[in-house]
Amino acid sequence: MSERKTPAIAGRVVRIGLWLLAGILALIILALLVLQIPGVQSYIARKAVSSISDKTHTRIEVGSVSIAFAHTLVLRNLFVGDLRGDTLLSVGTLAADVNLLGLLSHALILHDLRIDSLTAHITRTPGDNTFNFGFILKALGPASLPDIRPDTSAGPAWEIRPEGMSLHGMCVSYEDGVSGLDLRFQIGSLETSINKFDLDRMRFHVDKLSVENTMASVIQTKVPPHAESQSTDADIGFRAISLANVQFHYDNAAAGEQFGVDVGRSTVIAEKIDLRSHHVVLKEFLAEDTHIVVVEPKKSLKAADDGEPPSKPWSIGLDDLSLSGNSVQYDVQGAARTGGLDRKSVV
């Protein structure tokens with residue numbers, strides 16, 4: 001009799017197991033479907049942001065978050081304030097076309113990254129030597145979060161590779177009172193497509209780069225401390241660069257050096273870029289309404305001969321050159337004027 005009941009019991013167990021498995025799968029599918037609702041995604045994001053805001057005692061807000069399953073992330077109206085109530089980070093729209101399932105295989109591949117209306121202000125004050133975002137790291141540090149540092153002794157390394165970026169309306173400033181470095185960027189429009197991006201091997205190859213209505217400045221007011229570091233020659237290359245209404249200014253007050261460039265319009269089409277071998281071959285170089293100013297301090301003969309071996313000469317080839325309405329100015333501070341052609345003051 002017991003032998004007859006055994007198959008029936010086994011069948012019942014199998015049916016119950018299948019029903020449980022089907023129920024679990026149904027719950028998972030339902031959860032995934034619910035998570036696809038923009039209102040639910042935004043609610044979860046706002047709860048997480050509110051928790052961080054409570055821990056940091058600052059204003060942190062997010063308007064909405066939209067995540068298309070395993071594919072696209074869109075974040076709108078993100079605001080992060082500092083301890084003084086000023087803007088630390090503000091983002092109008094951040095949209096990323098990323099394969100979220102790739103994170104399971106330690107790969108973060110951004111097929112397309114778009115950022116509109118970003119403002120960021122980073123400062124470091126002398127004395128306490130702290131950054132204005134340090135309170136976030138402190139609030140979310142090991143005391144409040146579990147140790148999630150990756151185990152670098154085993155397992156594959158993370159691969160981070162952006163393939164395309166589109167930046168519009170960005171304003172970024174970095175003020176370092178310790179090192180005396182002041183950086184400011186205002187990007188009107190930047191579009192780029194990237195072929196290679198390898199941080200480990202320092203290989204960065206850009207297919208196309210287009211920059212318009214952009215200003216950047218670098219000001220150094222102190223002599224930075226000399227830090228011993230291993231020099232790594234980066235492998236940087238590009239195929240096409242287009243610039244329109246771009247200004248850049250560099251001022252090293254400590255060394256007495258200045259450099260400025262105001263680009264009206266410029267296009268560069270490259271055939272081969274090998275910075276490590278000092279070899280450049282260009283198909284086309286166009287510059288219109290572009291003005292360059294270079295100011296250097298007067299150097300003594302002793303300072304000029306620093307004992308370093310001469311660098312490898314550059315080899316530059318160019319097929320097509322087009323120049324119109326450009327100017328170059330070169331001056332040496334404190335140099336006496338000479339008659340005829342003055343190599344220390346050229347306009």
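Each remark here, short or long, concerns the structure printed above.
Residues numbered from 1 in each chain as written. Predicted model: local features only at pLDDT ≥ 70, side-chain atom pairs only at ≥ 80, totals over all residues. Heavy atoms only, no water.

Asks: Hey, could you run me through the overall build of the protein in this one?
Replies: Of regular secondary structure, the protein possesses 4 helices and 16 strands. When burial is assessed residue by residue, the protein has 27% of its 347 residues classed as buried. With an accessible surface of roughly 23,100 Å², the protein has 61% of that area assigned to carbon and sulfur atoms. (Helix = DSSP H or I, 4+ residues; strand = E, 2+ residues; numbered from the N terminus. Buried < 20%, exposed > 50% of the residue type's maximum accessible area, 1.4 Å probe, protein only. Areas by Shrake-Rupley, 256 points an atom, 1.4 Å probe, with all protein chains shown as cover.)

Asks: Even after reading the chapter, I still don't get the pairing of strand β9 (residues 203-220), so can you show me in this structure?
Replies: A regular strand places its side chains on the two faces of the sheet in alternate fashion. The pairing of strand β8 (residues 181-198) with β9 spans 15 bridges and is classified as antiparallel. Among the inter-strand pairings, S193 is bridged to a residue of β9, identified as K208. Direction of pairing for β9 relative to strand β10 (residues 235-252): parallel, over a ladder of 16 bridges. By the bridge assignment, A216 is partnered in β10 with F248. (Pairing = 2+ DSSP bridges.)

Asks: I'm lost on the pattern of salt bridges in this one. Help?
Replies: Side chains that differ in charge, positive against negative, can pair when their charged atoms come close. Scanning the model with the defined rule gives 9 salt bridges in all. Note that E175 and R184 form a salt bridge whose closest N and O atoms lie 2.9 Å from each other. Its relative accessible area of 34% is what places E175 among the partly exposed residues. Residue R184 is classed as partly exposed on the basis of its relative accessible area, which comes to 38%. (Salt bridge = Lys/Arg side-chain N within 4 Å of Asp/Glu carboxyl O.)

Asks: Please clarify how the packing of aromatic side chains should be interpreted in this entry.
Replies: Evaluated as defined, the whole model comprises 4 aromatic pairs. Taking the centre distance of 5.2 Å and the plane angle of 65 degrees together, the rings of F197 and F204 count as edge-to-face. Aromatic rings pair up to connect F131, F133 and Y174 into one cluster. Its guanidinium or amino end placed over the ring of F79, R59 lies 4.1 Å from that ring's centre, counting from NZ or CZ. (Phe/Tyr/Trp six-rings, centres within 6.5 Å; stacked < 30°, edge-to-face > 60°. Lys NZ or Arg CZ within 6 Å of the ring centre and 35° of its normal.)

The quantities given are spatial measurements derived from coordinates; they are silent on function.
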